[in-house]
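Reading the structure
Listed here are the chains, written in short residue letters.
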Amino acid sequence: MAVVFGSPSFVLEKEEKTSQEETKKYKRFLFHGGALKSSDNSAFLYAAKNVEKDYNNDGEVIRKSVDSAKTIVDLINSQKDNTIQSIDFFCHGTPIGVYFIKGTSLYNDITTKERNKNDLNSSLYIGKGLRLVWGWELSGEDKVLSDIDYSKFTNSCKIEIHGCLTAGTIPGFPFLDNFCEDLSEYLYKAGKENSVVIGHSTKANPNINGDKTKNEEQDYRHGKRKVFNNGNVILEVVKKGRITGLEIKEALNKR
């Protein structure tokens, strides 16, 4: 029997096909690495692989080892507009930035003496002022949040930072925004009104199953996390595992 154009079944199939095509256009980046210790970089890698499993075939998933903010910013800015659905950062952090040391790897440690002597700091900071105050031995591959082109993100994008304290308070400066707050404001001002940024407000670790956590189980998605939209905390969780799309949607609806 011929299918009549405009029939419910035809329209449903067309909508499903369109939805699948739109999903394929999305990109999900997982950036891991940048620590002085190879063991930390190994934990970041395992954690990235576990998050990658959760995404399945939802968009094009790109997992990449990085050792500089420049690599990250250049890659973001080279994408088409409205195509980045999510970014996960697996690296060290504080309320003022996420940290990358040039030349780090899974195989060799870099000492703080080597970092300082060779100007290897390639981190991503909130802004130029805080970078000036807290930045040390900069490599020239360091960046600030304003260097990112936020038109590349989708309206409902999610950025999650799996390192320590990026949703915490800056020591001695409780009146200043933290890294997650500022990043969420940049996204919102770029028209990404349903975007969220997720970060830890305390120290993070990969031992999701406590001291018995195996290497392949390492995951930073536990402990206290905050979800930001336009600089405001819309959700706080302490549960293990992924903060679901439904949880985020419900939190956004309650803004």
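Residues numbered from 1 in each chain as written. Predicted model: local features only at pLDDT ≥ 70, side-chain atom pairs only at ≥ 80, totals over all residues. Heavy atoms only, no water.

Things to note about the overall build of the protein
Summing up its helical and strand segments, the protein has 7 helices and 11 strands in all. Since a compact globule built from 255 residues should have a radius of gyration of about 18 Å, the 19 Å found for the protein is in line with a globular shape. Judged by the C-alpha coordinates and their principal axes, the protein covers about 75 × 40 × 35 Å. Here the protein holds 255 residues, and 46% of them are scored as buried. For the protein, the separation between the mean place of its 37 positive charges and that of its 35 negative charges on side chains is 1 Å. (Helix = DSSP H or I, 4+ residues; strand = E, 2+ residues; numbered from the N terminus. Rg over C-alpha atoms; globule rule 2.2 N^0.38 Å. Buried < 20%, exposed > 50% of the residue type's maximum accessible area, 1.4 Å probe, protein only. Lys, Arg positive; Asp, Glu negative; His and termini not counted. Charge placed at Lys NZ, Arg CZ, Asp CG, Glu CD.)

Description of helix α3 (residues 69-77)
Among all positions of α3, only A69, I72, V73 and I76 are buried. On an axial view of α3, the arc spanned by its buried residues comes to 90°, and they lie on one face. On its buried face, α3 sits against β1 (27-32), β3 (84-90), β6 (124-125), β7 (143-144) and β8 (153-161). (Arc of directions from axis to C-beta. Contact = heavy atoms within 4.5 Å.)

Points about the sheet that holds β1
Taken together, the 7 strands give an open sheet; going across it, the order is β2-β1-β3-β8-β9-β10-β11, and neighbouring strands pair in mixed fashion. The two strands at the open ends of the sheet, each matched to only one other strand, are β2 (60-65) and β11 (232-237). Direction aside, the axes of adjacent strands within the sheet are offset by 15° on average. In this structure, β1 lies alongside β2, joined through 6 bridges in parallel fashion. If you follow F31 over to β2, its bridge partner there is K64. Sheet strands touched by helix α2 (residues 38-55): β1, β2, β3 and β8. Its angle to β1, the strand with the most contacts, is close to 165°. The sheet contacts of helix α7 (residues 245-253) involve β8, β9 (196-200), β10 (225-229) and β11, and relative to β11 the element is tilted by about 140°. (Pairing = 2+ DSSP bridges. Axes fitted to C-alpha atoms, helices over the stretch in contact; angles between N-to-C directions.)

A few points about the pairing of β9
The buried count for β9 comes to 5 of 5 residues, which makes it a mostly enclosed element. Where the polypeptide runs from β8 across helix α6 (residues 179-189) and back to β9, its parallel neighbour, the crossover connection is right-handed. Alignment of β9 against β10, held across 4 bridges, turns out to be antiparallel. By the bridge assignment for β10, G199 is matched with K226. (Right-handed = clockwise from strand over helix to strand, strands pointing away.)

Some details on the side chain of S122
Inspection of the secondary structure assignment puts S122 in the loop between α4 (112-118) and β6. Residue classification places S122 among the buried positions, given a relative accessible area of 0%. Side-chain polar atoms of S122 contact the backbone oxygen of L120, separated by 3.1 Å. Within the structure, S122 has its side chain in polar contact with the side chain of S139 (distance 2.7 Å). Excluding its chain neighbours within four sequence positions, the residues that come into contact with S122 are D67, S68, A69, F100, K102, S139, E141 and D142. (Polar contact = N/O pair within 3.5 Å; in protein donor to acceptor, adjacent residues only side chain to side chain.)

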